[in-house]
Structure formats: C-alpha cells, structure tokens
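# Summary of the model geometry
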Amino acid sequence: MLRIRRWLFARLGLVNSSIPFELPVEQHIERIQAFKPDLLYTMPSILDHIVYAADDPRALGIRKIILVGEIATQEWQQNMARLFGLKPQDITDTYGSIEIGTIAYYSHELGRYLLAEGIVAEAVGTEIVGEGLDPLGSGEGILVLTSTVRKLLPALRFVTYDVVRDFRTVQVDGLERQSFQSIVKRVGRELKHGEKISIYDIEQVVYRHLQQARVRVHVSHNALSVYIQSRSADPSCIPVIREEIRACIPEIGLMIANHLLDDIEVILTEEDEELIGGQVKNKKLYYRKDQTEQRVVKQQAVEQTAEPQLTRGILSAIGHTPLLKLDNLFPASGFSVYAKLELMNPGGSAKDRPALRMIREAWKEGLIGPGTVVVESSSGNMAISLAMICRQLGMTFISVVDARTTGMNLQLLKALGAAIDFIDRPDPETGEFLPARLKRVQQLLAEIPGSYWPNQYANPNNYLSHYDTTMPEIVTELGQVDYLFCSVSTCGTINGLAEYVKDKGLRTRIVAVDAEGSVIFGGHPKKRRFPGLGAGIVPPLRRPDLIDRIVHVTDADMVKGCRALARRESILAGASSGAVLAAIQQLKQEIPPGAVCAAILHDKGERYLDTVYSDTWVQSQFGAELLSAAEEFLV
C-alpha cells in the first residue's frame, strides 16, 4: 500500500515523505517539522497523538488534512481544524478498504458522505446478512457494496459490516449520488456484545464538552470504560459525559438502569499515562483480556482443585435428561413431537444446567468458594437450582423473590437452606417486580462483603450451558429436528439452542414461546399469572436474529396445555411447558406432515399444584368453562 500511495502522489506531481506508524509520536512530529508538508495524510488515531504531543499544532504549517481508516466524527474534525488553524473544509474524511479502495468521502457542502464513482451500495438490515446480529436502530443499515469498475473485485457484492445512518440518494450537480450521513459502528461475529457500542456517538459526546482530547473505549461483557486524556478537562464534566453516553446508547442505558450491568465508567487519565492500545496507530474500541502467565497458572491450579467438588454428588446428575415421543397428543397432525424432559433434572428444571455452569466458572476463576454468599433474583426455578448447588458446595444462598413466587417454590427453597428476601411491591416506574428485585440484589451485594451475583440475565454461561449440552443431546438422539419450541424468560435457554443450530448449519426452525403481557419481543406489559415465562424488561441475552418465529400464549392456554399433557401423557409439567404445547397447537396447520418437532418441557408441575392444577384456583381465575375446555385441548 505504501508503494501505491508514493506512486499516486508522484503521478499527481507531489513531493511526498512517509513515516511508519509504529514509530514514537515524537519522530512523527520531527519528520513533519523537517519536511514541512502542506498536506498531511493520516489516520484519526495518529492525528490524536500528534496534536496531543505537539506544543502548537498551528506551527507545523499544515494546510490540508486527509483522513483515512477510522471513524472521524464531525465534532472531532471541527476541533482538529481549530487546533491546526484550518477551516473545517480543509479536512477531508475518506472511507475505504484494502479490498476496494476509496469507497466514500465527506462533503462539507452537503454534510454527508458521497459514494465514489463506480461504487454501487445498499444499506441492509442484520437479518439480510444472516450472521446472528442484533437488529439495528432506526435509520441504520449495514453497508453492502458492489464495485463495477475495480479490476480485482468486479461486480462482487461486498458486505463491509460497517453501519451507516440515513443512507439515501441525493442530487449533486443534477446527478443522482448515493450517500449516507455517518458511519457509526461496526458489527460482526467477532464483536458479539460490542455490536451495541458506537464510537461515533461516544466521541460526539466527549467533543461537545472537551476541545482537546484523546478517547479510547474498553469493552468487557457489554460494560464500557471510556478513557479520556485531555489537558483542558475539568473533572466536573466527567459525570455529565457519562450520563450523556448512557443516553446515546439506549440499550446499554436501559440495562444499567435495571441493574443488569455495571455503570459506564468515564475515566480521566493523567497527562503522562499511556492510553490502552500502546501504539501511535491503534483502535479506539478495545477488547482487553488479562491473560498474564501468572493469572493463567493460578486459574489452572484453581480448576484442578475445584473440579472434583463440582462433579460429585447430586451435581453429577444434572443434564442428560430423557427425550420421549408424545404419542397421545396431536394424533391426527401427521408430525411427531418429542419432549425434552428438563423437568427431570435433580433440581426439577432446565435451570440446573446454567446454574451449575455459572457457579462452576465463577469457582474456577476464584470469585467464589466455600463460605461465599451468593445472591440472585429469581421467580423460582433458578433460585431452587442455585440453592441446591450452593448447599452442596458449602455456600450460602439468598434468593430475592416477589409476590408471584409460588408457595411450593418457597417451601423448596427453605428446605434447601436458602434465605428468602421478599419484595412485596413492584418497581414504581415500570410497575414490574423484576426491576425492584434487581435493585434489592444490588443493596444486598453492597451490604454483604465478598458476596457474589451470578446475574443470570446477562451471564453468557447461561446460554453456553445449553449450547454445550442440551442441544447436542437432542441432535444425538433425533438427528434432524425440523422445529424446536422453547419458552423464553432470560433467553438463555433459547440462545444456547439456537446458536448451536446456526453454528452447525442445521435447518431447524427456532420457535420462541412467550407469554402475553411480556415485553421481551415488544408490546405493552400487563399482568402475568405465572413466573418463569416472559419478562417485564428486555433481557440482555435476547437475540431476535436467532429466532424464526415468535408465538405469544395466554395464561388460559398455558393451563389447558399443562392439563392436557398430564391427562394424555401422564407428565406433570409447569406453566411454561403448557405454553410450549399451546404454541405447537397454534402452528399445527403450518407444520408439514412428517416433520420432527422438539419441545422443551422446562420444569415440574408439582410446583403449580396450587395454581395450574387446582380446580378451585383455575375456576376463580378463568371460569368453570376452562376446566372442561382443557379436556379437548391439543388434539
């Protein structure tokens, strides 16, 4: 590339000089002072270092700047123009790639990026790309290019994975030109949770408050640390910047407000402190992993001592649950339904798998051990699983529950030695119990030294447990599965199952079963009678891109499904299992004959003896007609 650029400048009649980016910034400044260029061609991150290290950028005599390689917000460009004594029009931001070359350039006159000649583009949604990405915001799209003139890549549809805003055609000198307002972030499998992070938006906030600054962002499990180095920064502006960043990334702001994630950190570094990255040229979005040799050795030692305790006794019985065909339901449908009996786990539900995985990984990392107090918010099943596991491992468990938790679940928790922390009022802002429970979790963590929160709502080990165990077990027994029906709450189970399907290239259609009144996939919240299905907030693990179909089920149909399952198959299962069977009932006209369907039966029905299986309760909630209607359901 360097040879090409030198050749290009020579063809334009320009004398040029270059410097390797890996050299210290002081040498960059020395070369500029010696060469005295009119035009500086560089990357925004390198220009950051030059400005910060130079005594007076104006004295360098640069008259034009061309930027390449990274996002350069307009606020940042305006600050750079001021520092170099230039007009904003004297800085040209270009967007390109090694494969195609220059793709677009910023027009100050139009306030937009214009696509280069010979480039045909489109902005598509994540569902078109089909690589398991979260949906984008309004007006955003992934830029897809087709080059009609490039010799190396003629007429090749090229997915950039760069997200642009307001992609549309504009009139320029009487001609139609494709354009976009800004490049805001990059998505892709390698970013995972970073898909929600927009450096463009973060820099806009910072440069609204600081005229001279360098910004680097550290991402870890959806948590953000924004590092700012500035000679002009007043520490009082940091809280303001933090609040504005929370507001400009709504998904993360919502998770923080609901205590699912730690708060965004905005850190003002010392002037002589090295920013993350360590080179003159570096990325502004940084994923840091502490993988020093000492830490690896320590972790291996912990794993060796922990493994025997985590696989003995009752914990050894988790997983490898039965898979059986439901012969007496849907007899005239022409398709087969197989039930994965997760209710046969020793804790009575599918939550045994993620509970063990979350505790096991925390134990291996040295975060917990005998005597640790584990705190979790749960409506029942996860709490029971954690209580069982903590009791086996010599830890104390506190379960934060609410008024919807069944009496049977409370008895089970007490029998397993769990401490109960009861929330009797919903969150006043949302009217939901979950945010109130999560606030209480944070209070307990602050009050109890060394306590630990597994955070089932955002912990990747939640869904990885099902990726590594549940779905492989189903595929091993059934081979091809055409439809997979799974209820949703934290979305851990369905994510693990669906990611396995996508990664292995299976043609299984994933059907998410949600409760009416849940907001997981949109809609307005309303009262739900049964815990463990649906949610009052959007969980961080939600991945709509992994799901082929969403079915909402009423409380009444859950009851019908449970009772039909008990009477026709002699399986006593919980409300979410009834919902799964009701979803199959809704779609049975669409499922072709010969199809193989798998249904996750999540938990035991004994926990619902005073609700779902109580004639008195059902009649009081739904009327006497439902009792007779359940007899003919699922036929």
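Just so you know, these numbers come straight off a predicted model, no measurement behind them.

## Topic: the overall build of the protein chain
Looking only at helices and strands, the protein chain features 19 helices and 24 strands. Counting only contacts in the protein chain whose residues sit at least 6 apart along the sequence, the fraction spanning at least 24 positions is 67%.

## Brief notes about the pattern of salt bridges
If you walk through the whole model with that rule in mind, you get 27 salt bridges. One salt bridge connects Lys64 with Asp90, and the closest N-O pair in it is separated by 2.9 Å. Of the two residues, Lys64 sits in strand β2 (residues 64-67) while Asp90 sits in the loop between α4 (74-84) and β3 (91-97), which places them 26 residues apart along the sequence. Given a relative accessible area of 42%, Lys64 falls into the partly exposed group. The shortest N-O distance in the salt bridge between Lys502 and Asp548 comes to 3.9 Å. One end of the pair, Lys502, is in helix α15 (residues 492-503); the other, Asp548, is in the loop between β22 (509-515) and β23 (549-553), with 46 residues separating them in the sequence. Residue classification places Lys502 among the partly exposed positions, given a relative accessible area of 33%.

## Focus on the packing of aromatic side chains
For the coordinates displayed, the defined rule picks out eight aromatic pairs. Relative to Phe485, the ring of Tyr483 lies with its centre 6.4 Å away and its plane at 25°, an arrangement referred to as stacked. Here the two residues Tyr483 and Phe485 agree in accessibility, since each one is buried. Both rings, one in Trp617 and one in Phe622, keep their centres 6.0 Å apart while their planes meet at 75°; by these two values the pair is edge-to-face. Overall, Phe622 belongs to the buried group, its relative accessible area being 16%.

## Quick word on the sheet that holds strand β19 (residues 396-402)
As summarised here, the arrangement of the three strands in space is β18-β19-β20, forming an open sheet in which the pairing is parallel. Single-partner strands in this sheet number two, and they are β18 (373-377) and β20 (419-423). If you compare each strand with its neighbour and ignore which way they point, the axes differ by 20° on average.

## A short note on the nonpolar core
In terms of nonpolar packing, the biggest core is built from 48 residues, with Phe485, Ile584 and Ile591 touching the most fellow members. Ranked by residues supplied to this core, first place goes to helix α17 (residues 575-587) with eight residues.

## What about the sheet that holds strand β24 (residues 596-601)?
Strands sit in the order β16-β17-β24-β21-β22-β23 across an open sheet of six strands; the sheet is mixed. With partners counted over all chains shown, the strands left at the sheet margins are β16 (323-325) and β23, one partner each. Between one strand axis and the next, the sheet turns by 25° as a mean value, whatever way the strands run. Sheet topology places β16 next to strand β17 (residues 336-341); three bridges connect them, and they run antiparallel.

## Quick word on α17
For the α-helix, the turn length of 3.6 residues means that residues three or four positions removed from each other point alike. Here α17 spans 19 Å end to end across 13 residues, near enough to the 18 Å set by a 1.5 Å rise per residue. By the burial criterion, the buried members of α17 are Ala575, Ser576, Ser577, Gly578, Ala579, Val580, Leu581, Ala582, Ala583, Ile584, Gln585 and Leu587. Summarising the contacts, the buried residues of α17 are in contact with β17, β21 (483-487), β22, β23, α16 (555-569) and β24.

## So, the packing of helix α10 (residues 352-364) against helix α11 (residues 381-393)
Between α10 and α11, the least distance of the axes is 8 Å, while the angle of their chain directions is 45°. In terms of orientation, α10 and α11 fall into the oblique class. When you trace α10 past α11, the crossing you get is right-handed. The segment α10 lies against α11, with Asp352, Pro354, Ala355, Leu356, Met358, Ile359 and Trp363 engaging Met382, Ser385, Leu386, Met388, Ile389 and Leu393. Residue composition of the contact of α10 with α11, by class: 11 nonpolar, one polar and one charged.

## As for the environment of Ser45
As for its position among the elements, Ser45 is in helix α3 (residues 44-53). On the basis of relative accessibility, which here comes to 0%, the residue Ser45 falls in the buried class.

## Overview of the environment of Val15
Relative to the elements of secondary structure, Val15 occurs in the loop between α1 (2-11) and α2 (25-35). Taking relative accessible area as the criterion, Val15 reaches 72% and is therefore assigned exposed. Residues Val15 and Pro37, 22 residues apart in the sequence, show an inter-C-alpha distance of 9.0 Å.

## Notes on unusual backbone geometry
In this structure, Asn455 is a non-glycine residue whose phi angle is positive, near 55°. Take Asn455: it is sitting in the loop between α13 (433-447) and α14 (460-478). Positive phi is not limited to glycine here, since Cys491 has a value of about 75°.

## Considering the side chain of Arg353
For Arg353, the location among the structural elements is in helix α10. Only 3.2 Å separates the side chain of Arg353 from the side chain of Thr470, close enough to count as a polar contact. Dropping the residues within four chain positions of it, Arg353 is found in contact with Ile318, Gly319, His320, Thr321, Lys340, Glu342, Asn345, Ser465, His466, Thr469, Thr470 and Glu473.

## Observations regarding α14
Across its 19 residues, α14 extends 27 Å between first and last C-alpha, which sits within 8% of the 27 Å expected from 1.5 Å per residue. Residue Tyr467 marks the point of greatest curvature in α14, where the axis turns by about 35°. Capping the start of α14 is the job of one residue whose side-chain oxygen sits 2.9 Å from the backbone nitrogen of Asn461: Asn459. Once α14 finishes, Gly479 follows within two positions and takes phi at roughly 75°, a positive value.

## Structural notes on the confidence of the model for the protein chain
Of the residues in the protein chain, 84% reach a pLDDT of 70 or more, and the chain-wide mean stands at 83. Contacts from residues 189-195, a stretch scored under 50 in pLDDT, to residues over four places away or in other chains number 16 contacts. Counting interchain partners and residues more than four positions distant, the pLDDT-below-50 stretch residues 288-306 has 12 contacts.

## Regarding the pairing of β3
In this sheet, β3 lies alongside β2 in parallel orientation, the contact comprising three bridges. Residue pairing for β3: Leu67 is matched across the bridge by Asp93. Relative to strand β4 (residues 101-107), β3 is paired through four bridges, and the arrangement is antiparallel. Note on β4: the bridge partner recorded for Tyr95 is Ala104.

## Observations concerning the packing of α11 against helix α12 (residues 407-415)
Orientation of α11 relative to α12, taken along the N-to-C sense of each, is 15°, at an axis distance of 9 Å. Overall, the two elements α11 and α12 adopt an arrangement that is roughly parallel. Taken as a pair, α11 and α12 cross one another with a handedness that is left-handed. Residues Ala383, Ile384 and Ala387 of α11 form the contact with α12, whose own contacting residues are Asn409, Leu412 and Leu413. Looking at side-chain class alone, the contact of α11 with α12 contains five nonpolar, one polar and no charged residues.

Conventions used here
- Residues numbered from 1 in each chain as written.
- Predicted model: local features only at pLDDT ≥ 70, side-chain atom pairs only at ≥ 80, totals over all residues.
- Heavy atoms only, no water.
- Helix = DSSP H or I, 4+ residues; strand = E, 2+ residues; numbered from the N terminus.
- Contact = heavy atoms within 4.5 Å.
- Salt bridge = Lys/Arg side-chain N within 4 Å of Asp/Glu carboxyl O.
- Buried < 20%, exposed > 50% of the residue type's maximum accessible area, 1.4 Å probe, protein only.
- Phe/Tyr/Trp six-rings, centres within 6.5 Å; stacked < 30°, edge-to-face > 60°.
- Pairing = 2+ DSSP bridges.
- Axes fitted to C-alpha atoms, helices over the stretch in contact; angles between N-to-C directions.
- Core = buried A, V, L, I, M, F, W, Y, C linked by side-chain atoms within 4.5 Å.
- Expected span 1.5 Å × (residues − 1).
- Parallel < 35°, antiparallel > 145°, perpendicular 65-115°, else oblique.
- Left-handed = near helix turned anticlockwise from the far one by under 90°.
- Nonpolar A, V, L, I, M, F, W, Y, C, P; charged D, E, K, R; others polar.
- Polar contact = N/O pair within 3.5 Å; in protein donor to acceptor, adjacent residues only side chain to side chain.
- Bend = angle between axes of the 7 residues up to and from the residue.
- pLDDT = per-residue confidence, 0-100.

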